[in-house]
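# A closer look at the structure
Chain by chain, the residues run as shown.
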Amino acid sequence: MDTLLQQLKPIIGLFGQSPYMQAAVVILLSLFAAKLVSLLVNRGIRKLTGHTKSTLDDQLISLLHRPLFWSVVLLGLLLAATVAELSPSLFTFTRSAILSLLLFWWMLFSLRASRVILISVSRHSDTSSLVRPQTLPLFTNLVAVIVIALGVYFIFQAWDVDMTAWLASAGIAGIAIGFAAKDTLANLFSGVFILADSPYKIGDYVVIDNNVRGMVTHIGIRSTRLLTRDDVEVTIPNSVMGNSKVVNESGGPYEKYRIRIRVSVAYGSDIDQVCALLQTIGEEEPQVCTDPAPRVRFRSFGDSGLIVDLMAWVEKPELRGRVTHLLNSAIYKRFMAQGIEIPYSKQDLYIKSLPDTPWQEPSH
């Protein structure tokens, strides 16, 4: 600042020795310099970035235009306050106010630029990237908190406010809040890890500890919401989701879901006929996928019949119940028509001997 002032003294000295006149000249020069920088950004740098394929640099240049303009103007005001030979108290106040405005403009630019950069990164991300559309709100809020905290800290420094006592108080308050809201913090950190790790996404069908099954409708910082097949919304805290076994039925290389129809046929049945009939039933059902094709497997010899599985794939996990119903109905009808017996539990009662005394009706 002093070096710049020494270089400007020959110029501002041409307009007299009045401090206020020289301060006014400095302000006019700063406005001229700010306009020059604005033209350089608009016609020079923006012209160069216009030849690139990415729009990120164009957006950053658009955001950079206003902070650069006001930075030059505010620095000119600071120089003018130095030249005007203000009283020490007034100069200190003016300097703190100008620095606060300067920090505010760059804090605002950092918030907008970080958001633009994160959005651009999330659009070109893949499943293994840390910043994805699912985790974008998390990182946007995290960067905003960091930028605002640093901005407030430096603004306090510009006003010569000692932050040591404030930081100590914040540390003590943080410990107290941590003990009082440990469950909330557990849900918060679990939500952060879920968003970052992304074990499931909105629209996936998940099973929690082999108990609750439903479609994920919302993933928040505090909880995850599932819509069950009974159209009942279940809200599960993220700390529970983080410590539970989560089966993602929509995960894997594709969203298709395999259903298994287990059938028992009586001993003595033609097993080749049974397998061929089940294969035909699976292939004729329109809601069963053709790739992978249905499969039939003779599994084992049961207590009362032969155990055969029909395995078929459906496009989405929510079709499991409907297609299972259709296949079971078709299997029962075909087996009845073909005379294939489906065994069921039977109990025979044997009477070893009858009593010697004839039965008599009891007297009243």
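Located above this text is the structure these notes cover.
Everything in this summary refers to the structure shown in the same document.

Thresholds, definitions, all that
Residues numbered from 1 in each chain as written. Predicted model: local features only at pLDDT ≥ 70, side-chain atom pairs only at ≥ 80, totals over all residues. Heavy atoms only, no water. 1 Å grid on protein atoms, 1.4 Å probe; cavity = no way out; pocket = protein on both sides within 12 Å on 5 of 7 lines; lining within 4 Å. Points joined across faces, edges and corners; volume = space filled by probe spheres on them. Helix = DSSP H or I, 4+ residues; strand = E, 2+ residues; numbered from the N terminus. Nonpolar A, V, L, I, M, F, W, Y, C, P; charged D, E, K, R; others polar. Salt bridge = Lys/Arg side-chain N within 4 Å of Asp/Glu carboxyl O. Buried < 20%, exposed > 50% of the residue type's maximum accessible area, 1.4 Å probe, protein only. Contact = heavy atoms within 4.5 Å. Core = buried A, V, L, I, M, F, W, Y, C linked by side-chain atoms within 4.5 Å. Pairing = 2+ DSSP bridges. Axes fitted to C-alpha atoms, helices over the stretch in contact; angles between N-to-C directions. Expected span 1.5 Å × (residues − 1). Bend = angle between axes of the 7 residues up to and from the residue. Phe/Tyr/Trp six-rings, centres within 6.5 Å; stacked < 30°, edge-to-face > 60°.

## Some words on the layout of surface pockets
- Here the largest pocket is characterised by a volume of approximately 270 Å³.
- As for the largest pocket, its lining consists of Leu138, Asn141, Leu142, Val145, Ile146, Leu188, Phe189, Val192, Phe193 and Ile221.
- With five residues, the top contributor of residues to the lining of the largest pocket is helix α5 (residues 136-158).
- Broken down by class, the residue content of the lining of the largest pocket amounts to nine nonpolar, one polar and no charged.

## Here's the deal with the pattern of salt bridges
- In total, this model carries nine salt bridges according to the counting rule given.
- Among the salt bridges present, the one from arginine 320 reaches glutamate 249, with a minimum N-O distance of 4.0 Å. Note that arginine 320 is positioned in helix α10 (residues 320-338) and glutamate 249 in the loop between β5 (246-248) and β6 (257-265), a separation of 71 residues in sequence.
- Arginine 320 gets classed as partly exposed once you look at its relative accessible area, which sits at 29%.
- Note on glutamate 249: relative accessible area 11%, which makes it buried.
- With a closest N to O distance of 2.7 Å, aspartate 309 and arginine 262 form a salt bridge. You can see aspartate 309 sitting in strand β8 (residues 306-314) and its partner arginine 262 sitting in strand β6, a full 47 residues away along the chain.
- A cluster of three or more residues bridged by salt bridges with shared partners is formed by Arg260, Arg262, Arg299 and Asp309.

## Observations regarding the side chain of serine 30
- Within the element layout of this structure, serine 30 appears in helix α2 (residues 19-49).
- A relative accessible area of 6% places serine 30 in the buried class.
- When near neighbours in sequence (up to four residues on either side) are disregarded, serine 30 contacts Val72, Val73 and Gly76.

## Some thoughts on the nonpolar core
- Core analysis: the biggest nonpolar cluster contains 22 residues, and Leu278, Leu327, Ile331 and Phe335 have the highest contact counts within it.
- Taken together, the elements giving at least two residues each to this core come down to β6, α9 (271-284), β8 and α10.
- In this view, leucine 278 contacts Val263, Val296, Val308, Leu310, Ile331 and Phe335; residues no more than four positions away in its chain are not counted.
- In terms of nonpolar packing, the next biggest core, distinct from the first, is built from eleven residues, Leu138, Leu195, Leu226 and Ile236 among them.

## A look at the sheet that holds strand β4 (residues 233-237)
- Pairing is antiparallel in the open sheet, where five strands are placed in the order β4-β3-β2-β1-β5. This sheet does not close on itself; its edge strands, each paired only once, are β4 and β5. Ignoring strand direction, the axes of neighbouring strands in this sheet form an average angle of 40°.
- Two elements, strand β1 (residues 205-208) and strand β2 (residues 212-219), share four bridges in a ladder whose sense is antiparallel.

## Side note on helix α3 (residues 56-83)
- Between the first and last C-alpha of α3 there are 41 Å, a value that for 28 residues agrees with the 40 Å anticipated at 1.5 Å per step.
- Maximal helix bending in α3 amounts to about 30°, located at leucine 64; proline proline 67 follows within four positions.
- What α3 keeps buried is the set Asp57, Ile61, Pro67, Ser71, Val73, Leu74, Gly76, Leu78, Leu79, Ala80, Ala81 and Val83.
- Glutamate 85 sits one or two positions beyond α3 and adopts a positive phi of about 55°.

## A closer look at the packing of aromatic side chains
- Tallying each qualifying case throughout the model produces seven aromatic pairs.
- Pairing phenylalanine 69 with tryptophan 70 gives two aromatic rings, centres 5.6 Å apart and planes at 90°, and the pair type is edge-to-face.
- Taking the relative accessible area as the measure of exposure, tryptophan 70 reaches 36% and is therefore partly exposed.
- Taken together, a centroid distance of 5.3 Å and an interplanar angle of 70° make the contact between phenylalanine 298 and phenylalanine 301 edge-to-face.
- An aromatic cluster is built from Phe69, Trp70, Phe104 and Trp105, whose rings are joined through pairwise contacts.

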